[in-house]
Amino acid sequence: MNEVKIGIEIECVLNGIIHHIEQGDYHDGLPVDGLERWKAEHDGSLSTKNDFGRWGECIEIISPIFQSKEEFQEELKKFYEKFSKNNQFELNEVLRFNNTCGSHVHFSIKDFSFDKKVIFAIYPKVRRYFKKKLLNSNIKGKYSIWSHYGRSYAKIIDENNFKEQRHQEFNFESEKDGRGLEWRSPNLLKIRTWKDFFAFWDIVYESLEYLYEIAQNYEETKDIELLNKEDFENIEREIHAQNEENFIPLKAKKRKKSYSKLNVKLNNLEGEEIECVI
Amino acid sequence: MTSDQVSEKAIGSYKAKFKTKFDKRKNDNILLSISISEDLRKVLKESTIDELANFSYNDGDSYRNSQRYKVKRWVYSALYDDRRDIIFSKKLVDDGELDLTFNSVSMIDPAINGIKETVRQLIQTVLKYSSIDMTVNFNVEK
């Protein structure tokens, strides 16, 4: 992929015994100690759901902007080194992902607008691609991830109103705000190992590559019957109803005659009387 | 047209094929290719007169100019969709095919819906007023 920008947000519950991360306010994160290009911020929509007991701490970790696959993988590796404390801890010992947590992905292509250039049909294709890759993978808990894909904060988009809301599978408002198209459905629900963590992000990256390809080159054909038999019947009914409405009974058509008299002078004829019917 | 002819109800084949195509490597435009059925083309042909007028349509960023046939007044006055001109485009009436260029996909569905609505109004108008000796010969198939 050329000239792309990718960013990810990882919402999770942190084990406060092992890590202490200072968090900024929502949309005003603070750099993570030892992982300076990443930021941590508070997100009120998250709940610990008793993960790590009283030591559980909800947190949203925001990545830097990645511009290549190498950079994406490199930064995820740094994330792993930081949170596993150089392979001392398995993922589920330091981070957990419950059903309040999502992992949103921001994606943009230079000089390209998803909002302006991409038809609806492309997005279900990306969803199907992601699903196929995920369910064919060896990730444990992959069915949980898929069942959580269309959660209330990432509702599956509908052709008739797919650009009107933020809390849906693809958020176009984010692109208008200059933060790229936001894909809100990926999530790490029940992922417990670093191995599955990396496998998951590989699938996400491959899905973005697929989106990159099909968003910029597509063809769609629709055959539409502009008028079918039912339309004709409706038209006939409408015409019939209009004719009924415009129908004037004979009695009403009978006009009452009225008369008036005008006195006019024409040439030398004085007092000529003309009867007018109005 | 005789009154016997117009008393028959018209159920022709009014279909259209819409192909949306985009290839960023070639250019940044989205192409909407429209092709219509012969029945519909004939109705359009009969609804127009052999004179041209300019019209423009919104491509999402600006307006693009094109040419259409002038439409018989009694027909045109009954069509009120904002995109009614597209369907009387010279190329569509002559060849049954038309390519429209857009800069934003947001304009594609309104264009398709506009065509659909205009066809509905057109046929309704023709059916409604064809008992008067109008000049549209409406092709009848049942």
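So, how was this worked out
Residues numbered from 1 in each chain as written. Chains lettered and ligands numbered in written order. Predicted model: local features only at pLDDT ≥ 70, side-chain atom pairs only at ≥ 80, totals over all residues. Heavy atoms only, no water. Helix = DSSP H or I, 4+ residues; strand = E, 2+ residues; numbered from the N terminus. Buried < 20%, exposed > 50% of the residue type's maximum accessible area, 1.4 Å probe, protein only. Contact = heavy atoms within 4.5 Å. Areas by Shrake-Rupley, 256 points an atom, 1.4 Å probe, with all protein chains shown as cover. Buried area = accessible area lost by both parts, 1.4 Å probe. Salt bridge = Lys/Arg side-chain N within 4 Å of Asp/Glu carboxyl O. Polar contact = N/O pair within 3.5 Å; in protein donor to acceptor, adjacent residues only side chain to side chain. Axes fitted to C-alpha atoms, helices over the stretch in contact; angles between N-to-C directions. Parallel < 35°, antiparallel > 145°, perpendicular 65-115°, else oblique. Left-handed = near helix turned anticlockwise from the far one by under 90°. Nonpolar A, V, L, I, M, F, W, Y, C, P; charged D, E, K, R; others polar. Phe/Tyr/Trp six-rings, centres within 6.5 Å; stacked < 30°, edge-to-face > 60°. Lys NZ or Arg CZ within 6 Å of the ring centre and 35° of its normal. Core = buried A, V, L, I, M, F, W, Y, C linked by side-chain atoms within 4.5 Å. 1 Å grid on protein atoms, 1.4 Å probe; cavity = no way out; pocket = protein on both sides within 12 Å on 5 of 7 lines; lining within 4 Å. Points joined across faces, edges and corners; volume = space filled by probe spheres on them. Pairing = 2+ DSSP bridges.

A. Structural view of the overall build of chain A. Check the secondary structure of chain A and you find nine helices and eleven strands. Counting over 278 residues, chain A shows a buried share of 44%. Partitioning the contacts of chain A with sequence separation of at least 6, the portion at a separation of at least 24 is 69%. In the form shown here, chain A has an accessible surface area of approximately 15900 Å², with 46% of it arising from carbon and sulfur atoms.

B. Fine view of the overall build of chain B. A count of helices and strands for chain B gives five helices and five strands. Along the chain direction, N to C, the helices and strands of chain B fall in the order α-β-β-α-β-β-α-α-β-α. Put simply, 65% of the contacts in chain B that link residues at least 6 apart link residues at least 24 apart. As displayed, chain B offers around 7200 Å² of accessible surface, 42% of which is attributable to carbon and sulfur atoms.

C. Focus on the interface of chain A and chain B. In this assembly, 29 residues from chain A lie in contact with 33 residues from chain B. Contact between chain A and chain B buries roughly 3000 Å² in total, counting both sides, with carbon and sulfur atoms accounting for 57%. The largest per-residue losses of area from chain A upon contact with chain B belong to Lys117(A), Leu226(A) and Phe232(A), which jointly make up 23% of the total buried on that side. Put simply, Lys21(B) and Glu219(A) hold a salt bridge, and the shortest N to O gap is 4.0 Å. Inspection of the region where chain A meets chain B yields 13 residue pairs in polar contact (both at pLDDT 80 or more). Elements with a minimum of two residues in the side of chain A that touches chain B: α3 (114-117), α7 (194-215), β9 (217-227) and α8 (229-246) of chain A. Broken down by element, the side of chain A that touches chain B gets its largest block of residues, eleven residues, from β9(A).

D. Layout of the packing of helix α2 (residues 38-47) of chain B against helix α5 (residues 108-129) of chain B. Residue and element names in this part refer to chain B. It is at 12 Å that the axes of α2 and α5 come closest, and there the two elements cross at 65°. With respect to α5, the axis of α2 lies roughly perpendicular. When you trace α2 past α5, the crossing you get is left-handed. On the side of α2, the interface is formed by Leu40, Val43, Leu44 and Ser47, while α5 contributes Val119, Leu122 and Ile123. Looking at the contact of α2 with α5 residue by residue, the classes come out as six nonpolar, one polar and no charged.

E. Region of the structure containing the packing of aromatic side chains. Tallied over the entire structure, the rule returns 31 aromatic pairs over all chains. Ring centres of Tyr80(A) and Trp194(A) lie 5.2 Å apart, and the angle between their planes is 75°; this geometry places the pair in the edge-to-face category. Placement of Tyr80(A) in helix α1 (residues 69-83) and of Trp194(A) in helix α7 is noted, with a sequence separation of 114 residues between them. Trp194(A) matches Tyr80(A) in its accessibility class, with the two residues each being buried. Note on Phe200(A) and Trp201(A): the rings are 5.0 Å apart at their centroids and 80° apart in plane angle, and the pair reads as edge-to-face. Side by side, Phe200(A) and Trp201(A) carry an identical accessibility label, which is buried. Above the ring of Phe172(A), the side-chain terminus of Lys163(A) is found at 5.5 Å from the ring centroid. Note that Arg84(B) overlies the ring of Tyr76(B), its terminal NZ or CZ placed 3.9 Å from the centroid.

F. Region of the structure containing the nonpolar core. Residue and element names in this part refer to chain A. Core analysis: the biggest nonpolar cluster contains 105 residues, and Phe114 and Trp201 have the highest contact counts within it. In terms of residue count, the dominant contributor to this core is α7 (twelve residues). Apart from residues no more than four positions distant in its own chain, Trp201 is found in contact with Ile8, Ile10, Phe72, Leu76, Ser103, Val105 and Leu188.

G. Structural view of the layout of surface pockets. Within this model, the largest pocket holds a volume of roughly 870 Å³. Taken together, 40 residues line the largest pocket, and the ones lying closest to its centre are Glu9(A), His27(A), His106(A), Arg179(A) and Glu182(A). When residues in the lining of the largest pocket are grouped by element, the largest group, six residues, is from strand β1 (residues 4-15) of chain A. Along the lines of polarity and charge, the residues of the lining of the largest pocket split into nine nonpolar, 17 polar and 14 charged. Counted as a void, the second largest pocket has a volume near 310 Å³. If you trace the second largest pocket, you find 19 residues lining it, with Phe120(A), Glu159(A), Phe162(A), Val105(B) and Asp109(B) closest to the centre.

H. Quick peek at the environment of Ile123(B). Considering the arrangement of structural elements, one finds Ile123(B) in helix α5. Taking the C-alpha atoms as reference, Ile123(B) lies 9.9 Å from Tyr14(B); in sequence the two are 109 residues apart.

I. Local environment of the sheet that holds β9(A). Overall, antiparallel pairing links the four strands, which are arranged β9(A)-β1(B)-β2(B)-β5(B) in an open sheet. One side of each edge strand has no neighbouring strand; the edge strands of this open sheet are β9 of chain A together with β5 (97-102) of chain B. The mean inter-strand angle of the sheet, taken between neighbouring strand axes irrespective of direction, is 20°. Across ten bridges, β9(A) lies against strand β1 (residues 14-23) of chain B in antiparallel orientation. When the sheet's bridge partners are listed, Thr221(A) is paired in β1(B) with Lys19(B). Strands β9 of chain A together with β1 of chain B of the sheet are contacted by α7(A), whose axis makes an angle of about 60° with β9(A). Here α5(B) sits on the sheet in contact with β9 of chain A together with β1, β2 (30-36) and β5 of chain B, set at roughly 15° to β9(A).

J. Inspection of the pairing of strand β3 (residues 48-58) of chain B at higher detail. Residues and elements named next belong to chain B. By the bridge criterion, nine bridges tie β3 to strand β4 (residues 63-71) in an arrangement that is antiparallel. What sits directly across from Phe55, in β4, is Ser66. Where β3 folds back on β4, the antiparallel hairpin that results is connected by four residues, among which Gly60 adopts a positive phi of roughly 110°.

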